[in-house]
Amino acid sequence: MHNHLSALALAEQTLWEPAGLSLQSVETVLGKILGNTIDYADLYFQSAEHESWILEDGIIKEGSYNIDYGVGVRAISGEKVGFAFSDDIVLPALEAAAMAAKSITAAGGTQKIQARSSGIVSRALYNTANPLQSIPNAEKISLLRSLDSAARKADPRVKQVIVSLSGVHEVVLVMASDGTLNADVRPLVRLNVNVIAEENGRREQGSQGGGGRFAYSRFLEQDLGSHYVFEAVRQAILNLSAVPAPAGVMPVVLGSGWPGVLLHEAIGHGLEGDFNRKGSSAFAGRMGEQVASSLCTVVDDGTLIERRGSLNMDDEGTPSQCTTLIEKGVLKGYLQDKLNARLMGMQSTGNGRRESYASLVLPRMTNTYLLPGDHVPEEIIASVERGLYAVNFGGGQVDITSGKFVFNASEAYLIEKGKVTRPVKGATLIGNGPEILKQVSMLGNDLKLDTGVGVCGKEGQSVPVGVGQPTLKIENMTVGGTNVG
Amino acid sequence: MLDKEQAQYQAIITDILQGAKQSGMDAVEAAIASSVGLSASVRLGETDSVEFSRSKVLALTVYWGKKKGSASTTDIQPAAIQAALKAAIHIAEYTEDDPFSGLADKEMLAKDIPDLDLYHPADISAEKALLLAKECETSARDFDARIINSEGATFSTHQSHRVYGNSLGFLAGYKTSQYSLSCTVIAKEQEGMQRDYDFTVGRAESDLLSPAFVGKNAAFRTVQRLNARKIKTGMASVIFSPEMARGLWGHLLSAISGGQLYRRASFLVDHLGKQIFPNFIHLEELPHLQKGLGSAPFDAEGVQTKPRDIIQAGVLQGYVLGSYSARKLGLKTTGNAGGVHNVVVTPGKESLKSLCQAMQQGLLVTELMGHGVNLVTGDYSRGAAGFWIEGGEIQYPVHEITIAGNLKEMFKQLMAVGNDIDRRSGIITGSVWVGKMMIGGT
């Protein structure tokens with residue numbers, strides 16, 4: 001892996017050199033934004049190269065290549081934020097954006113950029129090499145073909161197979177008035193298999209995928225695609241025999257890994273700094289309170305090697321870290337960016353993220369997970385007289401003010417007399433964020449993170465994230481099936 | 001009526017069409033979309049943020065025989081465009097023959113471009129936008145003492161320009177504008193907090209509702225939700241408010257869209273000409289509504305958009321198709337590459353109030369959460385909030401419940417559409433009384 005200095009050098013070469021920009025000229029622009037009433041200003045240069053390949057109907061049907069680059073300029077005065085961006089990285093456009101961002105405050109006064117503190121991000125959680133070039137196109141194509149034929153061979157009931165492969169190579173460089181000058185070079189790849197199975201006129205789908213901040217070659221080396229095919233086909237076939245899910249309040253056992261979307265919705269969003277600074281979160285002002293059973297310790301960790309949600313630095317140039325949100329059931333920490341941290345008298349936790357140069361920084365999650373307990377998963381299931389065992393989910397949503405959240409099971413089973421019995425159709429689970437983790441009564445020893453597919457949406461911006469958890473039991477939760485009793 | 005920007009974009013596209021031909025491509029299409037916008041937010045009476053946006057993207061697709069490749073770039077300088085074209089051609093060397101791929105059929109392309117009155121540029125300063133947002137938020141905060149906090153009010157402007165051309169000789173563009181004002185406030189109850197919002201949107205600034213009206217309505221909606229309860233698990237009759245009914249029609253349109261159909265990934269596969277709703281349901285697509293939020297003179301492939309029936313007397317009259325999915329299904333495109341353009345549900349005669357009276361007992365849904373809609377099977381299960389109706393009147397707000405059913409059955413059992421039409425989107429509908437659904441509660 002390359003070190004940070006080469007990331008910065010690579011970023012300057014990619015983002016500044018073609019436009020004839022230099023450290024000095026960019027610093028001059030930043031200096032022009034500053035004035036008496038500006039507390040902070042930053043410039044965010046980004047280039048993103050993206051490709052995708054799609055196989056459908058047994059043929060390589062589509063391929064696309066996209067290049068997007070630009071610069072975002074932000075000026076902050078107290079709680080006021082001025083923001084402008086340009087998709088031309090050239091000096092006049094940069095200066096125009098800087099003046100627009102500054103327009104939130106009256107002109108006048110001078111303030112100096114603080115001494116630069118570049119080089120503080122020394123870790124390299126992922127390789128800087130461009131994943132799009134990690135294998136030749138012919139190999140990408142043959143990977144998709146082999147997965148298509150594997151899915152069709154796996155079961156004659158499989159009627160439709162869609163396999164997609166995508167990759168992004170992103171280079172970002174942040175220069176800020178607080179002395180920050182940092183860069184990050186971020187690879188991100190994803191492989192997905194979606195199948196539709198048909199039997200006696202009934203159709204069901206199954207899908208599985210994964211990825212992370214690594215090269216395509218990982219999919220080949222570890223034969224991850226075969227595993228995704230197996231899982232997608234298994235789910236589709238299983239759903240062919242699923243019966244209506246029950247409705248009402250019952251014990252729910254959640255499987256390990258991706259069901260950690262529970263934590264993301266129920267806890268994570270409610271602990272983002274902006275909602276707590278504004279007092280709009282159901283968790284606002286509850287620091288130090290018991291908000292979960294004492295079994296529960298929840299962290300947000302942006303420092304995991306090659307994980308989808310990991311970052312060497314966030315989009316404000318702050319190194320990512322592992323932040324404890326809940327420790328033994330007690331609320332311990334928020335997720336902060338620089339703006340909200342400053343206004344709350346705290347430190348940034350390296351969670352300032354943005355979808356691109358064209359969007360504002362917001363406090364966001366990275367990889368959010370619940371630490372393991374000491375039960376084996378079988379014990380947890382055996383403890384339930386009648387309930388739901390949900391192992392796969394579509395996604396979720398939360399109203400951070402009322403705390404109400406939902407997440408949608410895509411693979412679930414009934415538990416009857418301590419045994420997993422019939423598969424049931426997908427159902428929505430609904431609960432209240434600050435209350436639901438108090439209902440956690442058993443925790444498995446099988447902590448697992450998801451396979452690398454999470455996309456988190458907030459204020460219209462999407463960013464890649466990870467989730468994880470061990471198998472766990474929630475004593476009472478509302479299940480939204482169609483079947484009474 | 002060719003302006004400078006339009007001329008520039010047309011010249012770029014013409015160059016791309018020629019360049020692709022010279023590189024041996026059989027067909028090519030390209031589009032440039034650009035937009036300029038301003039978004040100004042106020043929170044608790046103070047400026048929160050001012051965002052200026054100015055962006056553009058060029059997207060192109062080349063066809064080499066029956067193979068295709070696509071690329072896009074935000075840089076429209078000649079070198080970047082050449083690189084994008086080269087990338088697309090390179091991709092077309094790896095994709096495989098698809099007998100259904102290609103440009104739209106020439107006879108389907110738009111021949112004249114009607115002026116739909118979609119572009120109303122206005123030079124609105126950040127100061128003015130902030131004043132409008134502030135007026136809106138102030139009226140929300142002054143509405144009721146229980147409004148204790150705010151997520152703020154935002155005034156946004158957006159002016160877009162899209163030019164599309166292809167190697168069949170089509171080259172045209174149009175401009176649109178959109179203005180909106182929204183406000184979200186928070187009210188306190190014994191145990192916690194509730195929030196809700198309201199908004200107004202239009203093609204011209206003068207078409208927006210007044211800031212004070214939007215603010216008051218946001219506040220009214222929020223305090224109405226205070227002290228919500230859960231309700232018991234069981235079957236109940238359900239009315240969807242217009243905002244939520246829009247989602248139901250959206251699921252219908254997804255289920256009859258070409259991509260879902262040719263993949264046989266829809267619960268409405270093979271339902272053309274079949275009764276899927278009761279007789280009184282009528283749905284039209286009206287792409288040429290003047291100032292319409294979903295209006296478009298031609299679709300993403302240059303195909304002429306046309307008014308048509310989608311549902312007539314409950315019977316499915318047509319799918320939602322672009323050229324590719326139409327060919328896969330052995331049909332003609334319906335001018336819906338890129339989506340539908342103003343779907344209008346014929347309203348009933350009853351107000352929401354009289355629908356509630358007719359229902360007597362049940363749930364009025366005003367918020368839905370989560371993604372629990374399976375288009376393959378029609379299975380539907382979502383988080384919900386709203387009001388419990390008893391004796392035909394609202395009794396109390398409810399939350400933290402689920403509603404579930406199957407869309408196919410829900411569609412068949414529709415009881416009525418209200419006359420409380422909401423025009424704030426490309427799907428124009430009143431409330432919808434769905435009949436019985438399973439409620440998951442206590």
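Residues numbered from 1 in each chain as written. Chains lettered and ligands numbered in written order. Predicted model: local features only at pLDDT ≥ 70, side-chain atom pairs only at ≥ 80, totals over all residues. Heavy atoms only, no water.

1. A few points about unusual backbone geometry
Residues and elements named next belong to chain B. The line we're drawing: Labels follow the DSSP assignment, with helices taken as runs of H or I lasting at least four residues and strands as runs of E lasting at least two, numbered in each case from the N terminus. Throughout, exposure labels follow a simple rule: accessible area from a 1.4 Å probe, protein chains only, divided by the maximum for the residue type, with under 20% read as buried, over 50% as exposed, and the rest as partly exposed.
The phi dihedral of Leu44 is positive, around 50 degrees, even though this residue is not glycine. Within the secondary structure, Leu44 is located in the loop between β1 (27-43) and β2 (46-64). Relative accessible area serves as the criterion here: at 33%, Leu44 is assigned to the partly exposed category. A positive phi angle, near 65 degrees, is found at Gln360, a position not held by glycine. Take Gln360: it is sitting in the loop between α8 (352-359) and β12 (362-369). Look at Gln360 and you get partly exposed, because its relative accessible area is 41%.

2. Describing the pairing of strand β14 (residues 386-398) of chain A
All names here are of chain A. Cut-off, in case you're wondering: Strand pairing requires that DSSP identify at least two bridges connecting the strands.
Counting buried residues in β14 gives 10 out of 13 residues, a clear majority hidden from the surface. Alignment of strand β7 (residues 247-254) against β14, held across 3 bridges, turns out to be parallel. If you follow Val253 over to β14, its bridge partner there is Tyr389. Where β14 lies against strand β15 (residues 404-416), 10 bridges are found, and the strand directions are antiparallel. By the bridge assignment for β15, Gly396 is matched with Phe407.

3. Some thoughts on helix α2 (residues 78-92) of chain B
Residues spaced three or four apart along an α-helix face the same direction, because each turn holds 3.6 residues. Filter applied, for reference: In this scheme, a helix's expected span is set at 1.5 Å multiplied by one less than its residue total. The criterion used for residue contact is that any of the two residues' heavy atoms lie within 4.5 Å.
Here α2(B) is 15 residues long and its end C-alpha atoms lie 21 Å apart, about the 21 Å a rise of 1.5 Å per residue gives. Residues of α2(B) that are buried: Ala80(B), Ile81(B), Ala84(B), Leu85(B), Ala87(B), Ala88(B), Ile89(B), Ile91(B) and Ala92(B). Elements in contact with the buried residues of α2(B): β1 (40-56) and β2 (59-77) of chain A together with α1 (4-22), β2 and β3 (67-73) of chain B.

4. Brief notes about the nonpolar core
For clarity, the threshold we go by: Definition of nonpolar core: a set of buried residues of the types Ala, Val, Leu, Ile, Met, Phe, Trp, Tyr and Cys, connected through side-chain atoms within 4.5 Å.
In this structure, Phe240(B), Trp249(B), Leu252(B), Leu363(B) and Ile403(B) are the most contacted members of the largest nonpolar core, which totals 50 residues. Considering each element in turn, this core owes the most residues, 7 residues, to helix α5 (residues 242-255) of chain B. If we ignore the near neighbours within four places in the chain, the residues touching Leu252(B) are Leu268(B), Ile276(B), Phe277(B), Leu283(B), Ile311(B) and Phe411(B). Within the second largest apolar cluster, 47 residues are counted, among which are Val252(A), Leu262(A), Val398(A) and Phe407(A).

5. Examining the interface of chain B and chain A
Filter applied, for reference: By buried area we mean the combined loss of accessible area, with a 1.4 Å probe, across both parts when two parts are placed together. Any Lys or Arg side-chain nitrogen located within 4 Å of an Asp or Glu carboxyl oxygen qualifies as a salt bridge. Here a polar contact means two N or O atoms within 3.5 Å. Within protein one must be a hydrogen donor candidate and the other an acceptor candidate, and residues neighboring in sequence count only if both atoms are side-chain atoms. All amino acids are sorted into three groups, where Ala, Val, Leu, Ile, Met, Phe, Trp, Tyr, Cys and Pro are nonpolar, Asp, Glu, Lys and Arg are charged, and the leftover types, Gly among them, are polar.
Across the boundary between the two partners, chain B contributes 67 residues, which contact 74 residues of chain A. Between chain B and chain A, a total of about 5600 Å² is buried, with carbon and sulfur atoms accounting for 52% of that surface. If you look at where chain B meets chain A, you find 9 salt bridges. Of the charged contacts, one joins Arg195(B) and Asp399(A) as a salt bridge, the two residues approaching to 3.3 Å between their closest N and O atoms. Across the contact surface, chain B and chain A share 34 residue pairs in polar contact (both at pLDDT 80 or more). Residue contributions to the side of chain B that touches chain A peak at 10 residues, all from β2(B). Grouping the amino acids of the side of chain B that touches chain A by side-chain chemistry returns 18 nonpolar, 28 polar and 21 charged. Bridge count between strand β3 (residues 80-86) of chain A and β2(B): 4 bridges; the pairing is parallel. Paired with Ala84(A) across the two strands is Phe52(B), which belongs to β2(B).

6. Things to note about the domain arrangement of chain B
Residue and element names in this part refer to chain B. Using the following cut-off: Boundary definitions for the domains trace back to an automatic or database domain assignment.
Segmentation of chain B into domains returns domain 1 (4-224) and domain 2 (228-442). Its C-alpha centre places domain 1 at a distance of 25 Å from the equivalent point of domain 2. Each partner contributes residues to the interface: domain 1 has 39 residues there, and domain 2 has 31 residues. For the domain 1 face of the interface with domain 2, the top three residues by lost area are Phe100, Met108 and Leu116, together amounting to 23%. The interface formed by domain 1 and domain 2 includes 6 salt bridges. Salt-bridge contacts for Arg424 lead to Asp198; the nearest nitrogen and oxygen are separated by 3.0 Å. Put simply, domain 1 and domain 2 have 19 residue pairs in polar contact (both at pLDDT 80 or more) between them. Every element with two or more residues in the side of domain 1 that touches domain 2 is listed here: β4 (147-166), β5 (171-188), β6 (193-202) and α4 (211-224). Considering each element in turn, the side of domain 1 that touches domain 2 owes the most residues, 5 residues, to β6. In terms of residue class, the side of domain 1 that touches domain 2 is made up of 17 nonpolar, 9 polar and 13 charged.

7. What about the environment of Ile12(B)?
All names here are of chain B. Of note, Ile12 is situated in helix α1. We classify Ile12 as buried; its relative accessible area is 12%. Separated by 135 residues in sequence, Ile12 and Ile147 have C-alpha atoms that sit 53 Å apart. Apart from residues no more than four positions distant in its own chain, Ile12 is found in contact with Ile32, Leu58, Ile76 and Ile81.

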